[in-house]
Amino acid sequence: MANAPAPEGSPDSWLHQDLHWVFARLKQGLAAAEAAAVREHGMTLWGYTVLMAIVEAPASSQLALAQAVSVDKSKLVLILDELENDGLVRRRPDPADRRARIIEVTPEGSRALKTARSDIKAIEDQLLADLAPAARNALQSALQHLVGEPIARVEAGRSPETACMPNPA
């Protein structure tokens, strides 16, 4: 039986070779550390993610923003409500379409995002500290590539309303 799986618990076990499990474990660990960090700046991880998306590429609509951050549009409304109540964003009517809202980050939101981003960067640096700079760059480049066309092919049209949009750069 040359193709028999490695014994359970070994580094070569099926579990540790499964990309979903590996990414889920990384996400779980990062989420725990990062949620605590952003909480110190008055936001949730979703709020932090939405603030980054608004600053990085202001969306033309709340639906576009929901797609960009991979969250259901009804949940996005709750996230935006929290951010607005905390003074981190403001919504104003779009002059071109009074039914639509333009979402803007407030100066307080910009400050909170900048300091939270610094804390998140420190957590990411700690996670990647054991990797040589070339390996860190290769990992980040590979992951950024995978969230574009490769994951879109794998999703094969499933759940487009919650799919992360690839970086246009």
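In what follows, the structure referred to is the one given above.
Let me begin by describing the structure that accompanies this report.

What counts and how
- Residues numbered from 1 in each chain as written.
- Predicted model: local features only at pLDDT ≥ 70, side-chain atom pairs only at ≥ 80, totals over all residues.
- Heavy atoms only, no water.
- Helix = DSSP H or I, 4+ residues; strand = E, 2+ residues; numbered from the N terminus.
- Buried < 20%, exposed > 50% of the residue type's maximum accessible area, 1.4 Å probe, protein only.
- Expected span 1.5 Å × (residues − 1).
- Arc of directions from axis to C-beta.
- Contact = heavy atoms within 4.5 Å.

Some points on the environment of S110
- Assignment of secondary structure puts S110 in helix α6 (residues 107-128).
- Under the relative-accessibility criterion, S110 is labelled partly exposed at 36%.
- Put simply, S110 and L88 are 22 residues apart on the chain and 7.5 Å apart in space, counted from C-alpha to C-alpha.

Quick look at helix α5 (residues 73-85)
- Helix length check: α5, at 13 residues, gives a terminal C-alpha distance of 18 Å against a target of 18 Å (1.5 Å per residue), a fit within 8%.
- Among the residues of α5, those classed as buried are L76, I79, L80 and L83. Taken end-on, α5 shows its buried residues confined to a sector of 100 degrees, consistent with a single buried face. Facing away from the buried surface of α5 by more than 90 degrees, the exposed residues are L78 and N85.
- Turning to α5, the residues buried within the fold contact α3 (45-56), α4 (62-69), β1 (89-94) and β2 (97-105).
- Looking at the residues trailing α5, positive phi occurs at G87, about 75 degrees.

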